[in-house]
Every structure is written in structure tokens, then in C-alpha cells.
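What follows is the residue order along each chain.
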Amino acid sequence: MANDQPSTTPDWRWHDENGFRRVVNVAGTMTGLGASVAPAPEVSRETAAATERFVDMHELQALASTTITELTGAEAGCLTASAGAGISLAVAACITGLDPARVEALPLNPGPKSGVAVQMGHLCEYGSSITTGVALAGANVRVAGTATLCKDFQLSAVLDENTAAALYVVSHHVVHYGQIPFERFARLAHEKGVPVIVDAASEYDLRGFIEKGADLVIYSGHKFLGGPTSGIIAGRRDLVRACYLQNIGIGRGMKIGKESIMGAIAAMRAWMKRDHAAIRARETAALELWRKALSDLPGISAYRVPDPTGNPLERLQVDVDPEKAGAGAPVITAALGRRDPAIIVRGHEAELGYFQLDPCNLLPGHAELVAAALRDEISRGAWEEIDPEEALASARNGGTEGYLRWLGNG
Ligand SMILES: *Cc1c(COP(=O)(O)O)cnc(C)c1O
């Protein structure tokens with residue numbers, strides 16, 4: 001949207017007119033902050049054009065399939081409401097195939113072959129638990145291994161005649177050691193005739209998992225791709241068709257509208273044409289601006305770190321020495337979030353003594369605003385009213401508390 005504006009002054013008119021809190025997102029593609037902004041004007045244009053017309057939805061989804069095929073190299077694809085929805089639909093597809101009666105029987109009567117094998121270290125949460133996403137299809141999670149270790153035999157033991165699918169999660173949210181690597185996981189599953197679903201919601205690698213044997217891969221349309229809220233399912237034609245058929249069953253409540261389909265197609269096309277090197281250079285410039293802004297503050301050391309799952313992206317890690325800085329990373333994270341505009345940093349590992357700044361999707365003027373706010377907040381250092389233990393608890397529980405507080409108090 002605003003990416004092509006030359007202005008370097010933040011534009012808050014929309015927030016102010018609607019009475020919304022001014023928010024600067026340096027946390028990453030957080031769905032709680034609206035996930036992303038459109039990367040190209042075509043996304044808003046295609047979305048708007050669709051809202052004003054009738055169309056045969058099967059044709060729209062066929063165009064989506066063609067675009068997904070081009071983007072991922074998969075045989076076919078379809079769109080749904082979100083990546084979260086995609087996980088439920090993919091699991092359902094592996095249970096029902098193309099039998100409409102079996103589709104309609106979900107989630108209550110999935111039949112005996114309804115197990116989904118997952119390594120315990122992959123049972124993560126992305127706003128809700130992935131276990132819930134699997135269970136919505138009527139499936140039951142068959143856990144392999146322990147939190148930090150999964151052995152081949154432990155996976156093989158849950159790949160039996162009652163296993164409909166094996167689910168592999170690629171994310172910074174999962175445990176990063178002691179897990180079976182993807183190609184080996186897929187081989188073990190395929191040896192038992194079990195199809196492999198990959199949750200790659202936030203992964204820029206749009207072709208690798210298909211190339212390495214995934215049967216279905218799920219991406220989020222509204223994270224790095226910058227599309228409207230949507231989920232992309234790519235994979236084997238028979239299984240993608242079975243995902244789409246879930247629209248007569250559990251998929252009904254996960255339906256995607258014509259405007260989001262056209263917006264997601266535009267976002268995928270924009271991704272294929274995008275000057276990725278130029279965007280990377282702009283992101284690196286923001287990281288360097290922030291690194292310099294923090295360079296002489298006591299107790300603070302800032303440096304660039306690569307993305308943990310190998311996405312072509314760096315973030316600025318800010319290590320905080322509480323003795324010298326006056327407070328630890330959880331308190332500083334909370335203090336930045338209380339400013340106006342609120343500076344929302346990537347603080348989910350604050351208990352380890354650092355927070356991170358994510359340069360994706362910066363709007364005009366926001367990089368400079370963040371640099372000034374960081375210096376101002378950290379050099380001021382008056383945070384007596386923020387309890388460190390509560391700051392950490394609130395970061396951990398905030399997702400739930402926010403929902404509970406909504407429209408609350410009377
Ligand atoms: C964000 C995320 C999801 C959910 O994506 P939505 O499109 O917002 O539903 C699922 N899995 C992982 C690993 C994620 O990071």
C-alpha cells in the first residue's frame with residue numbers, strides 16, 4: 001500500500017480517524033498486528049475489483065491453482081481462509097480422499113484411519129495450538145518422541161495402518177535440535193505409505209518441500225507474501241482436490257472470499273516479479289540504522305542475526321545487560337510497547353536476555369521513528385513501574401489475556 005509513497009513521514013491519519021492506537025511493527029509478520037502490508041498496488045486493486053463483481057468461485061480457485069503451481073512447482077493448489085485452516089483441511093483430505101460421504105462425516109466419524117503422526121518437538125503454538133488444528137478434522141495426534149528428541153523408531157511406531165498423515169512443522173516455534181530432518185521424515189512416512197503434510201506457514205522456500213517429496217504444503221498468504229488473510233495449499237492433485245472438497249464439510253467455516261482469492265493471486269504474482277535483492281538492501285539499511293542508534297548505550301549490544309529457519313532475512317538482536325542498562329530485555333520490550341506510537345519488538349525470547357527488531361514491511365518513516373524511540377526509551381530508563389516478572393508473564397500469556405480483556409469490565 002504505502003510502500004510506493006516517497007514520503008518518509010509516518011502517516012497516522014487512518015489510525016487517528018478511527019481512534020486506533022498508533023502501532024509500529026518491528027516484530028515480524030504478526031497476525032495480531034495485521035500480519036503484513038500489501039507489497040504492490042495490484043493487491044489492493046485486484047481485491048477491490050473482485051468485491052464489485054459476481055464470478056464462478058470454482059473458476060477463481062482454478063486460477064489460484066495455476067498460480068500456486070507456478071509459484072511452488074506443485075501439481076495443484078487451492079486457497080483457504082488461513083494457514084491454520086489449511087492444516088485442518090490437509091488432514092481432512094488425507095482421511096477422506098474424494099469421498100463426499102466421508103467428507104460430510106467429519107469431524108465426528110473419521111473412521112479408524114485418522115491418526116496424524118507428529119514429532120513432539122513440532123507440537124507448537126502460533127496463536128492457537130497446532131493440536132487443535134489437527135483435531136478440528138476429527139483426527140487424533142499420534143505423538144512421536146519427547147519434547148527435545150525424536151528417534152526414527154519412535155516415528156515409525158506411529159506410522160501404522162491407522163495413520164492417515166504425517167505432519168511436519170517448519171518454524172521458529174518448534175524445537176531446533178533432536179528432530180528428524182525433513183527428507184528423512186518424508187522417507188520414513190512414505191515407506192509406510194503415509195502422505196506427508198508440511199506446515200511451512202512462514203517459510204520463504206516455496207519449492208523445496210515439494211521437491212523433497214511433500215504431498216501437501218501449507219503457506220500463509222498474509223505473512224511474507226503480503227496478501228490478504230488467506231492460506232495456500234500446494235501439492236498432489238488428488239489431495240488438493242480432496243482439500244477443496246472439504247468445502248461441503250468442515251471447510252465451510254474456513255471459506256475464503258472472492259476478494260481474498262484475487263488479492264492472494266496478485267500477491268503471489270508480485271512475489272514472482274519482486275526485486276528481492278532491493279528489498280533485502282532496504283531491510284539491511286534499516287538494521288544498520290538501528291545498530292548505530294544503539295551503539296553507545298550502556299549495557300546494550302546489537303548485531304545482525306540470520307533467521308533461525310534459513311529464510312533470506314536478518315534481524316537485529318539487542319542483548320541487554322540488566323546491571324548496566326537499568327533493566328532486562330522483558331522490561332525494555334514492555335516499555336517500548338507502551339509508547340505512543342507503540343513500538344512492538346520481537347520479544348518472545350526476552351527471558352533469554354534479548355529482543356529482536358524485524359525489518360520486514362517497514363512503512364515510510366518507521367525505521368527512523370524506531371531508531372529515535374529506541375535511543376529515547378533506553379537512555380531514559382525510568383521503568384520502576386514495570387515489574388520484570390509480570391512483564392515476562394504478560395508476554396507469555398498476553399495472547400489469551402488480550403482476548404479476555406476485549407469488551408470486558410462491565
Ligand atoms: C503463522 C503460522 C500458522 C498460522 O498461519 P495463519 O495463516 O495466520 O493461520 C501456522 N503455522 C505456523 C508455523 C505459523 O507460523
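Note: the structure precedes this text.
My aim in this report is to walk through the structure given alongside it, one point at a time.

Rules used throughout
Residues numbered from 1 in each chain as written. Predicted model: local features only at pLDDT ≥ 70, side-chain atom pairs only at ≥ 80, totals over all residues. Heavy atoms only, no water. Axes fitted to C-alpha atoms, helices over the stretch in contact; angles between N-to-C directions. Helix = DSSP H or I, 4+ residues; strand = E, 2+ residues; numbered from the N terminus. Parallel < 35°, antiparallel > 145°, perpendicular 65-115°, else oblique. Left-handed = near helix turned anticlockwise from the far one by under 90°. Contact = heavy atoms within 4.5 Å. Salt bridge = Lys/Arg side-chain N within 4 Å of Asp/Glu carboxyl O. Buried < 20%, exposed > 50% of the residue type's maximum accessible area, 1.4 Å probe, protein only. Near = heavy atom within 4 Å. Polar contact = N/O pair within 3.5 Å; in protein donor to acceptor, adjacent residues only side chain to side chain. Areas by Shrake-Rupley, 256 points an atom, 1.4 Å probe, with all protein chains shown as cover. Pairing = 2+ DSSP bridges. Phe/Tyr/Trp six-rings, centres within 6.5 Å; stacked < 30°, edge-to-face > 60°. Core = buried A, V, L, I, M, F, W, Y, C linked by side-chain atoms within 4.5 Å.

## Things to note about the packing of helix H2 (residues 41-51) against helix H11 (residues 258-273)
- It is the contact of H2 with H11, at a shortest axis distance of 8 Å, that shows an interaxial angle of 155 degrees. Taken together, H2 and H11 sit at an angle that is classed as roughly antiparallel. At the point where H2 passes H11, the crossing takes the right-handed sense. Residue-level inspection shows Glu42, Val43, Glu46, Thr47, Ala50 and Thr51 of H2 in contact with H11, the latter providing Lys258, Glu259, Met262, Gly263, Ala266, Ala267 and Lys273.

## Focus on the pattern of salt bridges
- Evaluation of the coordinates by the stated rule reveals 19 salt bridges.
- When the shortest N-O distance is used, the salt bridge between Glu314 and Arg304 registers 2.8 Å. In this pair, Glu314 sits in strand E10 (residues 314-320) while Arg304 sits in strand E9 (residues 300-306), placing the two residues 10 residues apart along the sequence.
- Since its relative accessible area comes to 33%, Arg304 is described here as partly exposed.

## With respect to the site of the ligand
- Around the ligand, the neighbouring residues are Thr31, Ser82, Ala83, Gly84, Tyr126, Ser171, Asp199, Ala201, Ser202, Ser220, His222 and Lys223.
- Ala83 places a main-chain nitrogen or oxygen 2.8 Å from an oxygen atom of the ligand.
- One of the side-chain nitrogen or oxygen atoms of Lys223 is found 2.9 Å away from an oxygen atom of the ligand.
- Contact with the protein chains hides 91% of the accessible area of the ligand, taken as 380 Å² for the molecule alone.

## Focus on the sheet that holds E9
- Read across the sheet, 3 strands follow the order E9-E10-E12 without closing on themselves; strand pairing throughout is antiparallel. Only two strands of the sheet have a single partner each, and these edge strands are E9 and strand E12 (354-357). Sheet twist, expressed as the mean angle between neighbouring strand axes with direction ignored, is 30 degrees.
- Taken together, the 4 bridges between E10 and E12 define a ladder with antiparallel strand orientation. Bridge pairing in E12 places Gln317 opposite Gln356.
- In this fold helix H12 (residues 276-294) packs onto E9, E10 and E12, with an angle of close to 15 degrees to the strand it touches most, E10.

## Description of the packing of aromatic side chains
- Applying the stated criterion across every chain yields a total of 7 aromatic pairs.
- Ring plane angle 65 degrees and centroid distance 4.9 Å describe the contact between Tyr168 and Phe185, whose orientation is recorded as edge-to-face. You can see Tyr168 sitting in strand E5 (residues 163-169) and its partner Phe185 sitting in helix H8 (residues 182-191), a full 17 residues away along the chain. Note on accessibility: Tyr168 and Phe185 belong to one class, buried.
- Between Tyr204 and Phe224 the ring centres are 4.8 Å apart and the planes differ by 15 degrees, which places this aromatic pair in the stacked class. Of this pair, Tyr204 sits in the loop between strand E6 (196-199) and helix H9 (208-211) while Phe224 sits in the loop between strand E7 (216-220) and strand E8 (231-235), placing them 20 residues apart in sequence.

## A closer look at the environment of Ala165
- By secondary structure assignment, the location of Ala165 is in strand E5.
- Ala165 sits 85 residues away from Ile250 along the chain, and the two C-alpha atoms are 18 Å apart.
- Other than its neighbours up to four places away in sequence, Ala165 contacts Cys94, Gly115, Val116, Ala117, Val194, Pro195 and Ile197.

## Notes on the side chain of His122
- Looking at where His122 falls in the secondary structure, it is placed in the loop between strand E3 (115-119) and helix H6 (130-135).
- The residues touching His122, leaving out its near neighbours within four places in the chain, are Ile130, Tyr168, Val169, Val174 and Gln179.

## Quick look at the sheet that holds E3
- Read across the sheet, 7 strands follow the order E2-E8-E7-E6-E5-E3-E4 without closing on themselves; strand pairing throughout is mixed. Edge strands, defined here as strands with exactly one partner in the open sheet, are strand E2 (76-80) and strand E4 (140-144). Averaged over all adjacent pairs, the angle separating strand axes in this sheet is 25 degrees, with direction ignored.
- In the packing of helix H3 (residues 57-72) onto the sheet, contacts are made with E2, E7 and E8, and the angle to E2 comes to roughly 120 degrees.

## Side note on the nonpolar core
- Among the nonpolar cores identified, the biggest contains 46 residues, and Leu79, Leu155, Val198 and Phe209 are the most heavily contacted of them.
- Where this core is concerned, the elements lending two or more residues are H3, E5, H8, E6, H9, E7, E8 and H11.
- Broken down by element, this core gets its largest block of residues, 6 residues, from H11.
- Excluding residues within four positions of it along the chain, Phe209 makes contact with Val170, Phe182, Val198, Ala200, Glu203, Ala214, Val217 and Tyr219.
- Residues Ala286, Ile332, Val370 and Trp383 belong to the second largest nonpolar core, which totals 37 residues.

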